[in-house]
Structures are given as C-alpha cells and as structure tokens.
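What the coordinates show
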Amino acid sequence: MKDWGAMNGTQASAQDLLAARFESDRGRLRAVAYRMLGSLAEADDAVQEAWLRLARTDTSEVANLSGWLTTVVARVCLDQLRSRTSRREDLGDDYVETTATETGPDPEEAALLADSVGVALLVVLDTLAPAERLAFVLHDLFGVSFDEIATVVDRTPAAARQLASRARRRVQGRSTSAEAAADQVRRREVLDAFLAASRDGEFEALLTVLDPDVVFRGDEAAAKLGNDAPMRGARLVAEAFCGRARVAEPALLDGELGVVVAPRGKILVVLHVGFREGRISEIYAVADPGAIEAMELERLA
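This report concerns the structure included in the present document. In this numbering scheme, every chain counts its residues from 1 along its sequence in written order. In keeping with the model being predicted, local features are shown solely for residues with a pLDDT of at least 70 and side-chain atom pairs are shown and tallied solely at 80 or more, while totals for entire chains, interfaces and linings include all residues. With hydrogens and water stripped out, all remaining heavy atoms of the structure feed into the side-chain values.

Right, let's get into the sheet that holds strand S7 (residues 297-299). Two strands pair if DSSP finds at least two bridges between them. A run of H or I in DSSP becomes a helix once it reaches four residues, and a run of E becomes a strand once it reaches two; helices and strands are each numbered from the N terminus. An order of S2-S1-S6-S5-S4-S3-S7 is seen for the 7 strands of this open sheet, with the pairing classed as mixed. Edge positions in the sheet fall to strand S2 (231-232) and S7, since each has one partner strand and no second. In this structure, strand S3 (residues 248-253) lies alongside strand S4 (residues 256-261), joined through 6 bridges in antiparallel fashion. Each bridged residue has a counterpart across the sheet, and for Ala-251 the counterpart in S4 is Gly-258. Note on contacts: a residue pair is in contact if any heavy atoms of the two residues lie within 4.5 Å. Inter-axis angles, ranging from 0 to 180 degrees, are taken between N-to-C directions of lines fitted to C-alpha atoms, where helices are fitted over the stretch in contact. Sheet contacts for helix H12 (residues 234-241): strand S1 (210-218), S2, strand S5 (269-276) and strand S6 (279-286); angle to S1, the most-contacted strand, approximately 55°.

Here it is as structure tokens:
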C-alpha cells in the first residue's frame, strides 16, 4: 500500500520550496510591476497573480524561474495597462488617473517606493503606450533582453527594440536638455573608448567599458557573416571584439548611439549598443540589408 502520508508530506515540502523560491524573487517582481503600473496596490495584485499561476504550473522544465516569473508579471501588467487605456478611451474627459500618486494600504511604504523610482518618471511613463512602457521598463530599468521582451509583446526583437527606443526618446524629451546632453556625451565617450580599444586590440581596456554581464547578439544575417553571437559576459565579448573594429565608426541608428561597420565604404553591419551605469551592457548586430535600409543612419565624426 502506498504511504499517502509520506506522499502528502513530499508534496507539501515541494510546495514550501516553491513558495520560498518565489519569496526570494518577490521584491524584484514587485519593483518591476510598480514601475510598470505606478500603483502599489496593482503591483501587489500582479505579483499575487504570478504566484497563483506558478502554483498551477509544472515548472520542472523551466530553466530560469526568475525569468519566467518576470515574464508572467510583465504580461499581467501589460493586460492591466491595456485595460487602463481602454477605460480612458471609453470615459474620455471623465476619466481621472490616480496611479502615479496612489498610496495604497501602507502610505509610508508607498512613499519610499515612489521616491526610489521618482514620481516624475512615473508621470512620464504614464504617457507611453502600454507596449512602449513595458519595453522601456524591462530593458532600460531591469536589463531584460529584447528577445525576452519580444515574447511578452508578441513582436520581433527588432520591433521590441524600436518600442523601447521610442519610449526612451519620449522620456528623455521630458528631461532637461542639459541632462540629456550630458548623458549623451558620457555614452559617446564610452562608445569611442570601446571602438579605440577594439581597433588597438587592448583587451583590458575593453573590459573597463563593458558591463560584466554584457550580452552580444545578432540577427540571422549577422550569424551568416561569422559573428559568434549570442554570448554573455565581458571577457567573452571583449575577446570577440578585440582587434576587430578597424572599419567601424560611431553613428546614430534611429536616433540612438550605435556603430556602423562599412568596409570600403559599404555598410555591412550595424551594431545597436545599450548602456547601463556608464558601461556597454548590450550589443546587437544587424546585417539584414532590408533592416539596415529601413533605419535612419547618421554617421558621426
């Protein structure tokens, strides 16, 4: 006869382990949801919904549970943002949005969380379309890759990148021109240092401008050219670029800093470059001629 008591104990133990694992991610998930929704109460609801879905799901095949939970929370938040947008359209001028200033059940806690994000940023984020807000928050604030974001918004990674780019321009447009200019100067300095170190084969110098968790990816056309993407980590990416940027130059790609690789004057590859805390955090190589043709390119001196 089966030992049902032992089996029930095993199931309870597994559930306890799953709950403990979820609790270790709760703070980050709540931060993601709050930046998406601007409401502490709605953020807690989104996190609770993620727990309910986790409890009903067989996660034995999930390799990255934290990433899976982030995706679930992001989808729940996206649904809420779309519902919120729909209510605005239905109610017109009678609709009053309160999420950016909501205090919820614990005013002190909400105030602390709002301070960590910045009420001004929440107000700006509220002007973005739902998919733009999601792409910007996940990528720029939490470093989620565009490949992962694409699965949430049901678009290609390139389209997800464009969503974040449009959102970033809107957010920067609400910043003071001095702040935006200073940030652009800092990023340009980092990019120039990266290209110089790459041309000269200075491995250690490359490491100083690359985020430790930098990710290098590329489209299918770039892979056919022999790019070794995808890869993660500063040392691997530095090895890949060391001594290889002799025909690369800085450029604006759809208004964002990037790199153009143009041997003999013909553009072969463009590199979208992401930044985080003063270092390069992401490089995405695009070699598809149609995609390059559709970009607004401006080479920088």
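Moving on from the model shown.
This part takes up the pairing of S5. Residue burial is assigned from relative accessible area. The probe radius is 1.4 Å, only protein chains are included, and a residue is buried under 20% of its type maximum, exposed over 50%, and partly exposed in between. Counting buried residues in S5 gives 7 out of 8 residues, a clear majority hidden from the surface. Here S4 pairs with S5 via 4 bridges, running antiparallel. Bridge assignment links Val-259 to a residue of S5, and that residue is Leu-271. Relative to S6, S5 runs antiparallel, the two being bridged by 7 bridges. Opposite Leu-271, over in S6, you have Ala-285 as the bridge partner. Hairpin connection from S5 to S6: 2 residues lie between these consecutive antiparallel strands, with Glu-277 at a positive phi of about 50°.

Attention shifts here to the side chain of Arg-168. Relative to the helices and strands, Arg-168 is located in helix H8 (residues 157-174). Beyond its immediate sequence surroundings of up to four residues, Arg-168 is in contact with Phe-136, His-139, Asp-140, Arg-187 and Glu-256.

A few words on the nonpolar core. Joining through side-chain atoms within 4.5 Å is the link that ties buried Ala, Val, Leu, Ile, Met, Phe, Trp, Tyr and Cys residues into a set, and such a set is a nonpolar core. One finds Phe-22, Met-36, Leu-134 and Ile-149 to be the most contacted residues of the largest nonpolar core, which totals 45 residues. The element that contributes the greatest number of residues to this core is helix H3 (residues 65-91), accounting for 9 residues. Excluding anything up to four places from it in sequence, Ile-149 contacts Leu-134, Ala-135, Leu-138, His-139, Val-144 and Ala-160. Core analysis: the next-biggest nonpolar cluster, separate from the first, contains 34 residues, Val-209, Ala-234, Ala-248 and Ile-280 among them.

Pairing of aromatic rings covers Phe, Tyr and Trp, the last through its six-membered ring, and needs centres within 6.5 Å; plane angles under 30 degrees mean stacked, over 60 mean edge-to-face, and all others mean tilted. Scanning the entire structure with this criterion turns up 3 aromatic pairs. Summarising the aromatic geometry, the rings of Phe-22 and Trp-51 are spaced 5.3 Å apart at their centres and angled 50° between planes, so their arrangement reads as tilted. A residue pair is termed long-range when its members are at least 10 positions apart, and Phe-22 in helix H1 (residues 4-37) and Trp-51 in helix H2 (residues 40-55) qualify at 29 residues. Neither residue differs from the other here; Phe-22 and Trp-51 are each classed as buried. Among the aromatic residues, those joined into a ring-pair cluster are Phe-194, Phe-216 and Phe-241.

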